[in-house]
Amino acid sequence: MSSVQIYIEGQRLELFKDENITIKSSQQNIKEIDKVKTDFSKSFSVPCSPKNNQIFEHFYESDVNMTYDQNLRRNASIEIDLVPFREGQISMSKAKVKDGQAESYEITFYGNLTSLKDKFGEEKISDMTELSDINYNYTESNVRNSITTSNIADVKFPLILNRTLSAVTDNIDYTELFPAVNLLTIINKIQSRYGITFSGTFFGDARFMNAYMLFKNAEDMTFRTESKSLPLTTSGGGGYIVNDSISYQKESWNSLFSVTLSPFHTQVDALNTTKHVTKVSVSNVSDASAFYYIEVYDNGALFKTLGGSGNVTDRQINVDEIFGSVNNSLNRNFTYRIYADRPLTCNFSFTYEQQGSTFQDPSLTELTDTNTYTATSSVALIGDIDIKSYAPEMKVMDFFKGLLSMFNLTCYGLGNDVYQVEPLDTFYAKGSVHDITKYVDSSKAEINKVPLFKRINFEYEKSESVTNAEFLDQFGRGYGSTENRFNYDGGEYNIKLPFENIMFSNYDTSNLHLGYTIKSDLTKYIPKPTILYANGLTTQDVNISNSTETEFLSFGQDLTVNGIDYTLNFAPEISTATSNTIDNTLYSSYYNEYLSNLYNLKNRNVKVSARLPIDILSSLELNDRLIIRGKRYMINSLDINITTQEVKLDLLMDFKETIAESESPSVPVIQTDSTAQCITVPISFPNNVSQADVVDYFSNTTSITPSQITSEQNITVCIPENTTSEAFLLAENGDTLVTEDGISLVSQEQTSGGSQVQYVLEIQYTYLNGSTSSNFVIIQQQS
């Protein structure tokens, strides 16, 4: 038996000597290929020892005033024989009492990814006040500049209309257009709000950085200023108005009021009453026709919104009434914000009253007293729109999970609120290789068919846009969706993104590329959350607010990176902008390789048991490859009994080499067009690598920056223009090699000359133990 140590926030738990603790680990299970997994344990018990009682604060005794909310998961770590094994969180679910004595606590260990779900909770994108940092000065010139420039910015305004045009020369007013927010901006605001860091190279990929989410939650665009906090300046009274808040606190009646009783009378405590009342007055409103909204927050949560216009006197905000000593839980801190439907300035006066009432015995005469506290504030609302107020109805967690499914990303905790996000293929390419043959129980093994599905369907939420409806009627499927059918007995599996995929179209014969939020009957509708690519400037006259622009920023499903076309569609649709079929789909780019390995006819699902030594068990990663009797496997899931070191292995056959063991390219060939350009190249680190040196293998690039890195990141590689001519493959007699169709074959392997040029980057890895390995990245430039 191993010695297991479990720590909660640095405090070591005392364990039962005979308690078996099993941790189940899985990154992505073949039975649920659209879900990202994490570590979790089957519930286990720990004794109600004095040390554990201190950690769990005698949870079994309800009279104890606890300092920690036991409903929350707490940071934890596990060691085996003092060797670090896992970090995550522990949840305590219940305590058991036997014969009147506290016996045990039942707890569960969760991996770090679960804490990410806890952090997001039920919050929506519209709750993210951090988006106020990108509030937009909503003027015609600024919106026009957004439409006519191609730079990546926090906010852009795609040409999506809720009406049709009668001619290409029709005017599009800037006030019709809703904003779209860059996905990377949203990710950065999520990191700021929840105090987390996303690691990896994916969020620096152009195929992510050029993607935007449409912020449209109404049929028509209406101006709304940014929401501003009201700073409170105390003008009368004591310390109940502080830090821009008005505080309601439970206090005894006699500490608030000093009413003198009649002779020979006593105060009837049970009949004491205190009312806490707040009112607000608004004055000097600069625009009487403006409609403003005062938001009231109670301990940080929106409590109510008061709407009004012009000057207002003593409008009551809220009342709390406390009877005697019955209610001991009053603790409310109110803060205030304001926004309006147009710019304005105004002043505020807040009045907070503590209205006391008591009765004296024996006459039961009522005595009253009032304490009054006042504060003032003022605000100037300018022409910035409040971006978050246009956010689609979507939870932060659903947004994040949607991105994971869209790009087949995996996410796992690295500790200290750092989470690695990367495509699943990249994750598996980084694994190490372990030969565990001698540790496996050779007496039995279970060889199963891989539980494959007869149909895997990739689709978006159904769009009501008129263009999407026409596509559905014509082709019998949603625009951008695809499915793979297999002649198997398995069930069906649907990977459905929580986003809408609005099909854009060119107006008539022009290059004016538009999207529509109108139905087939031309009525308006509010789209579901929508992801779009911003794909550079298109030359075409377009009238914006009665002024003609000669080019505009084109939005839609397509994106050109390094001269190569990609799409947000799962299916290789014909581009609505260029009429060319785009084969680099979400499916081909992010799903095909993983599923090809899964559906390989040689694949098997193998289940075996092993007893692994501590050095392997503590370092084993879910992307590592295992060799058993000469055959290679990837890990589907692990059940690890950390007290006995016995592991139940659920494995799949593996047919792809990892970065660490191969000199073949670790990432797909990077395609570019023939122009001189600088390319973003992701450099992934295999497990346990400390440094990578990037070397120009053929010395034909212009520059590599940086050429030495100590953590995986995106580097910049600049290449010259390809001015070479085609070089044909020749037979020994000098004749050009041709296909059966008579087409001459061009060399695909040349490094210079011919229609393509290859730039080869050798990545020289140095590991923590001092060993080295190499891998290659290939950039292939078209003619």
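The rules behind the values
- Residues numbered from 1 in each chain as written.
- Predicted model: local features only at pLDDT ≥ 70, side-chain atom pairs only at ≥ 80, totals over all residues.
- Heavy atoms only, no water.
- Helix = DSSP H or I, 4+ residues; strand = E, 2+ residues; numbered from the N terminus.
- Expected span 1.5 Å × (residues − 1).
- Bend = angle between axes of the 7 residues up to and from the residue.
- Buried < 20%, exposed > 50% of the residue type's maximum accessible area, 1.4 Å probe, protein only.
- Polar contact = N/O pair within 3.5 Å; in protein donor to acceptor, adjacent residues only side chain to side chain.
- Pairing = 2+ DSSP bridges.
- Axes fitted to C-alpha atoms, helices over the stretch in contact; angles between N-to-C directions.
- Parallel < 35°, antiparallel > 145°, perpendicular 65-115°, else oblique.
- Left-handed = near helix turned anticlockwise from the far one by under 90°.
- Contact = heavy atoms within 4.5 Å.
- Salt bridge = Lys/Arg side-chain N within 4 Å of Asp/Glu carboxyl O.
- Patch = residues over 30% accessible without salt bridge, like charges linked within 9 Å, V, L, I, M, F, W, Y side chains within 5 Å.
- Areas by Shrake-Rupley, 256 points an atom, 1.4 Å probe, with all protein chains shown as cover.
- Core = buried A, V, L, I, M, F, W, Y, C linked by side-chain atoms within 4.5 Å.
- Disulfide = S-S within 2.5 Å.
- pLDDT = per-residue confidence, 0-100.
- Phe/Tyr/Trp six-rings, centres within 6.5 Å; stacked < 30°, edge-to-face > 60°.
- Lys NZ or Arg CZ within 6 Å of the ring centre and 35° of its normal.

Peer 1: Can you help me understand helix H10 (residues 586-598) in this one?
Peer 2: Given 3.6 residues per turn, any residue in an α-helix points the same way as the ones three and four places further on. End to end, H10 covers 18 Å across 13 residues, agreeing with the expected 18 Å (1.5 Å per residue, within 8%). Where H10 bends most, at Asn 592, the angle is about 55°. Every buried residue belonging to H10 is among Leu 586, Tyr 587, Tyr 590, Tyr 591, Tyr 594, Leu 595, Asn 597 and Leu 598, and all of these are buried. One side-chain oxygen at the N-terminal end of H10 lies 3.3 Å from the backbone nitrogen of Tyr 587; it belongs to Thr 585.

Peer 1: Help me understand the pairing of strand E21 (residues 273-283), please; the structure alone is not making it clear to me.
Peer 2: As a general feature of sheets, a regular strand has side chains that alternate between the two faces. By the criterion of burial, E21 is predominantly enclosed, with 8 of the 11 residues buried. Inspection of the sheet shows E21 paired to strand E26 (residues 344-361) by 11 bridges, in the antiparallel sense. Residue Thr 273 lies in a different strand from E26, and its bridge partner there is Ser 357.

Peer 1: How do you make sense of the sheet that holds strand E52 (residues 757-767) when you look at a structure like this?
Peer 2: Backbone hydrogen bonds hold the strands of a sheet together, and the pairing may be parallel or antiparallel. What the 5 strands build is an open sheet, ordered E46-E53-E52-E48-E50; its pairing is mixed. Both edges of this open sheet fall to strand E46 (670-672) and strand E50 (708-709), since each of them pairs with a single strand only. As judged from the 7 bridges shared by strand E48 (residues 689-696) and E52, these two strands associate in the antiparallel manner. Across the sheet, residue Asp 693 finds its bridge partner in E52, namely Gln 764.

Peer 1: Teacher, can you tell me more about the packing of helix H4 (residues 183-194) against helix H7 (residues 396-406) here?
Peer 2: Running from amino to carboxyl end, H4 crosses H7 at an angle of 130°, the nearest separation of the two axes being 12 Å. What the angle tells us is that H4 and H7 run oblique. Helix-helix and strand crossings are classified by hand; for H4 and H7 the assignment is left-handed. On H7, the residues touching Leu 183, Ile 186, Ile 187, Ile 190 and Tyr 194 of H4 are Val 396, Phe 399, Phe 400 and Leu 403.

Peer 1: Where do I start with unusual backbone geometry in this structure?
Peer 2: Negative phi characterises most residues that are not glycine, and trans characterises most peptide bonds. Cis geometry is adopted by the peptide bond preceding Pro 362, which originates at Asp 361 and carries an omega value of 20°. The topology assignment puts Pro 362 in the loop between E26 and strand E27 (365-381). Note the cis peptide between Thr 705 and Pro 706, where omega equals -15°. Its identity is not glycine, yet Leu 522 carries a phi of approximately 70°, on the positive side. By secondary structure assignment, the location of Leu 522 is in the loop between strand E37 (513-516) and strand E38 (530-544). If you check the backbone angles, Ser 545 has positive phi at about 50° while not being a glycine. In this structure, Ser 545 sits in the loop between E38 and strand E39 (547-556). Ser 545 sits in the buried class, given a relative accessible area of 10%.

Peer 1: Mind showing me how you'd approach the pattern of salt bridges here?
Peer 2: Pairing between side chains of opposite charge can happen when the charged atoms of each approach one another. In total, this model carries 30 salt bridges according to the counting rule given. Notably, a salt bridge pairs Asp 118 with Arg 73, separated by 2.7 Å at the nearest N-O pair. Note that Asp 118 is positioned in helix H2 (residues 112-120) and Arg 73 in the loop between helix H1 (50-56) and strand E6 (74-80), a separation of 45 residues in sequence. Here Arg 332 ties to Asp 298 by a salt bridge, and the two come within 2.8 Å at their closest N and O atoms. Of the two residues, Arg 332 sits in strand E25 (residues 331-340) while Asp 298 sits in strand E22 (residues 292-298), which places them 34 residues apart along the sequence.

Peer 1: Looking at this model, I keep getting lost on a nonpolar patch on the surface. Mind explaining?
Peer 2: Taken together, the side chains of Phe 59, Val 64 and Met 66 present a nonpolar region at the surface, about 200 Å² in accessible area. With respect to the element layout, Phe 59 can be found in the loop between H1 and E6. Assessed through its relative accessible area of 33%, Phe 59 is described here as partly exposed.

Peer 1: How should I be thinking about the environment of Tyr 248 in this particular structure?
Peer 2: Structurally, Tyr 248 is set in strand E19 (residues 245-249). Using a relative accessible area of 0% as the deciding quantity, one classes Tyr 248 as buried. Between the C-alpha atom of Tyr 248 and that of Gln 781, which follows or precedes it by 533 residues, the distance is 68 Å. Apart from the residues within four sequence positions on either side, Tyr 248 is in contact with His 276, Val 277, Thr 278, Asn 318, Asp 320, Leu 330, Asn 331, Arg 332, Phe 334 and Tyr 352. Only 2.5 Å separates the side chain of Tyr 248 from the side chain of Thr 278, close enough to count as a polar contact.

Peer 1: Explain the nonpolar core to me, please; I cannot follow it from the model alone.
Peer 2: Most often, soluble globular proteins have nonpolar side chains that are buried together. Judged by nonpolar contacts, the single largest core of 146 residues is most densely connected at Ile 190, Phe 198, Met 213, Phe 215, Phe 399, Phe 407 and Phe 499. Residues Phe 334, Tyr 336, Ile 338 and Ala 375 belong to the second largest nonpolar core, which totals 33 residues.

Peer 1: Help me out: how do you make sense of the state of the cysteines in this one?
Peer 2: Note on terminology: disulfide describes a covalent bond linking the sulfur atoms of two cysteines. With the rule as written, the count across this model stands at 1 disulfide. For Cys 678, the disulfide goes to Cys 718, at an S-S distance of 2.0 Å. Sign of the S-S torsion, about 100° for the bond between Cys 678 and Cys 718, identifies this disulfide as right-handed. Taken together, the residues Cys 678 in strand E47 (residues 677-683) and Cys 718 in strand E51 (residues 713-719) connect sequence positions 40 residues apart. Judged by relative accessible area, Cys 718 falls into the buried class, the value being 12%.

Peer 1: Help me understand the confidence of the model for the protein, please; the structure alone is not making it clear to me.
Peer 2: Caution applies to low-pLDDT regions: their predicted coordinates should not be interpreted in detail. Chain-level pLDDT for the protein is 88 on average; 92% of the residues reach the 70-or-more range. Note on residues 739-753: pLDDT is under 50 here. Beyond four places in sequence and across chains, it has 32 contacts.

Peer 1: Please explain the pairing of E52 as it appears in this structure.
Peer 2: Burial runs high along E52: 9 of the 11 residues are buried. Sheet analysis places E52 next to strand E53 (residues 772-781), joined by 10 bridges and oriented antiparallel. Opposite Gln 764, over in E53, you have Ser 774 as the bridge partner. Hairpin connection from E52 to E53: 4 residues lie between these consecutive antiparallel strands, with Gly 770 at a positive phi of about 95°.

Peer 1: How should I be thinking about the packing of aromatic side chains in this particular structure?
Peer 2: If you walk through the whole model with that rule in mind, you get 41 aromatic pairs. Through a chain of ring-to-ring contacts, the aromatic side chains of Phe 120, Tyr 194, Phe 198, Phe 202, Phe 203, Phe 208, Phe 400, Phe 407 and Tyr 590 assemble into a single cluster. Its guanidinium or amino end placed over the ring of Tyr 110, Arg 73 lies 4.0 Å from that ring's centre, counting from NZ or CZ. It is Arg 224 that lies over the ring of Tyr 339; its NZ or CZ is 3.3 Å from the centre.

Peer 1: Please clarify how the sheet that holds E47 should be interpreted in this entry.
Peer 2: Ordered by their spatial adjacency, 3 strands build an open sheet running E47-E51-E49, and the pairing between neighbours is antiparallel. One side of each edge strand has no neighbouring strand; the edge strands of this open sheet are E47 and strand E49 (703-705). Geometrically, the sheet is characterised by an average inter-axis angle of 20° between neighbouring strands, direction not taken into account. As defined by bridge partners, E47 adjoins E51 across 7 bridges and the pair is classed as antiparallel. Note on E51: the bridge partner recorded for Gln 677 is Ile 719.

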